[in-house]
Amino acid sequence: MIAVVRETATPEQLDQFVRWIEDRGFKTNVSQGDNETIVGIIGDTTRIDPFLLESMDIVDRVQRVTEPYKLANRKFHPEDTVIDCGHGVLVGGGHFQVMAGPCSVEGDNLRAIARAARDAGATILRGGAYKPRTSPYTSQGMGARGLDLLMEVGAELDMPVVSEVMDPRDVGLFLEKGVDVLQVGARNAQNFPLLREVGRAGRPVLLKRGMSETIDELLMGAEYVMSEGNPNVMLCERGIRTFETRTRNTFDVNAVPVLHHLTHLPVIADPSHSTGYTRYVRPAAYAATAAGADGLEIEVHDCPSRAWSDGAQALTPAQFEDAMRRIALIREAVTAPLEVA
Ligand code: PEP
Ligand code: MN
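What you see is a predicted model; the values in this text were computed from it and never measured.

Criteria and cut-off values
- Residues numbered from 1 in each chain as written.
- Chains lettered and ligands numbered in written order.
- Predicted model: local features only at pLDDT ≥ 70, side-chain atom pairs only at ≥ 80, totals over all residues.
- Heavy atoms only, no water.
- 1 Å grid on protein atoms, 1.4 Å probe; cavity = no way out; pocket = protein on both sides within 12 Å on 5 of 7 lines; lining within 4 Å.
- Points joined across faces, edges and corners; volume = space filled by probe spheres on them.
- Nonpolar A, V, L, I, M, F, W, Y, C, P; charged D, E, K, R; others polar.
- Helix = DSSP H or I, 4+ residues; strand = E, 2+ residues; numbered from the N terminus.
- Near = heavy atom within 4 Å.
- Polar contact = N/O pair within 3.5 Å; in protein donor to acceptor, adjacent residues only side chain to side chain.
- Areas by Shrake-Rupley, 256 points an atom, 1.4 Å probe, with all protein chains shown as cover.
- Sits in = over half its atoms within 2 Å of the grid points.
- Salt bridge = Lys/Arg side-chain N within 4 Å of Asp/Glu carboxyl O.
- Buried < 20%, exposed > 50% of the residue type's maximum accessible area, 1.4 Å probe, protein only.
- Axes fitted to C-alpha atoms, helices over the stretch in contact; angles between N-to-C directions.
- Parallel < 35°, antiparallel > 145°, perpendicular 65-115°, else oblique.
- Left-handed = near helix turned anticlockwise from the far one by under 90°.
- Contact = heavy atoms within 4.5 Å.

A. Structural detail: empty space enclosed by the protein. Enumeration over the complete set of coordinates arrives at two cavities of 30 Å³ or more. What lines the largest cavity is simply Pro 102, Cys 103, Ser 104, Glu 106, Glu 299, Val 300, His 301, Ala 307, Ser 309, Asp 310, Gly 311 and Ala 314. Residue composition of the lining of the largest cavity, by class: five nonpolar, four polar and three charged. Here the second largest cavity is characterised by a volume of approximately 30 Å³. Forming the walls of the second largest cavity are Arg 126, Gly 127, Gly 128, Lys 131, Val 162, Ser 163, Glu 164 and Gln 183. Here the element with the most residues in the lining of the second largest cavity is strand β9 (residues 161-164); it accounts for three residues. When its residues are assigned to classes, the lining of the second largest cavity shows one nonpolar, four polar and three charged.

B. Looking closely at the site of ligand 1. For ligand 1, the set of nearby residues contains 13 residues, the closest of which are Arg 126, Lys 131, Ala 186, Arg 187 and Arg 238. Within the backbone of Ala 186, a nitrogen or oxygen atom sits 2.7 Å from an oxygen atom of ligand 1. Within the side chain of Glu 299, one N or O atom sits 3.2 Å away from an oxygen atom of ligand 1. Burial of ligand 1 by the protein amounts to 98% of the accessible area it has alone, namely 300 Å². With respect to the detected pockets, ligand 1 is housed in the second largest pocket. Each residue belonging to the shell around ligand 1 can be placed in one class, and the counts come to three nonpolar, three polar and seven charged.

C. Local environment of the pattern of salt bridges. Across all of its chains, the model carries 24 salt bridges by this definition. Across the pair Arg 169 and Asp 167 runs a salt bridge, and its minimum N-O distance is 2.6 Å. Classification of Arg 169 as exposed rests on a relative accessible area of 72%. Through salt bridges with shared partners, a single ionic network connects Arg 126, Lys 208, Asp 270, Glu 297 and Glu 299.

D. Structural view of the packing of helix α10 (residues 278-290) against helix α11 (residues 317-335). Two elements in contact, α10 and α11, have axes whose closest approach is 9 Å; the angle formed by their N-to-C orientations is 20°. In terms of orientation, α10 and α11 fall into the roughly parallel class. At the point where α10 passes α11, the crossing takes the right-handed sense. Contacts between α10 and α11 involve Thr 278, Arg 282, Ala 285, Tyr 286, Thr 289 and Ala 290 on the former and, on the latter, Gln 319, Asp 322, Ala 323, Arg 326, Ile 327, Ile 330, Arg 331 and Val 334. Residue composition of the contact of α10 with α11, grouped by class: seven nonpolar, three polar and four charged.

So, in structure tokens, the structure goes:
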């Protein structure tokens, strides 16, 4: 349930109102926008009489929120959330960023890849140090040494770093190393203890859509993180499993505008895992940009044939540079105000 507060309400009246609700055993979430202040009421709101709330001077109107996600719901928070990823890099609410780097951190080649990505316009460095591999016999990533390398290169290039954390027990290590954005991968999209742990960590989270997750389930994943007090969640469409076998996954470009409609959280698209093949990554990146994504996550490798993982979908630095030029043009086209004759 949300209560929209009258513009004339003073901060003291708002405080009093919030206390009144919390005294009745509910949690609240106050969203102060430019035009409206909204008090989200969380709990079994069937116990509250909406007419009683509406009779209060401070309340303009009351609306039930029937969706099971509350904190992630745009009704609770009509304005776009803007997330500060560190190093002055903002995502959401008109701030568009590209995260780029190799699937796996492999060693010193990270430097050249990161520099090329940054020079082409990437603002966040990605790289996996702990890799969720289908087979236990393939490379599992460099682990803590990989995080050190990522942080070293991120500092050299003044870029925040995003890296996947797979195990709730590793969250502390990621915080210690200073990883700026904690990625929760598709395979862990419904690992609820992990979602709670990254929620408690407070760092920005990049939450990927599970392979067979509905949009509502993805939003409930975000709700787990947010319910632990961490509002800094970015959602990532990275393709879903369908009957189609020509591509690694099926890129659900619809998810971008649908998520923007349902939630205030930034929406990132990952055209690399969505398609699985280098030749399709750029077109999917353009589609996501045109659909209004707040950012992209793209795998880049200096020598894809030697990559430890996901070489088949990596862009070379030259391909990435070409993509970035076109992405900038598409951004311009979709964000420029149209002149109405
Ligand atoms: C990745 O980003 O390298 C990754 C494993 O992504 P996903 O969880 O989307 O498969
Ligand atoms: Mn990958």
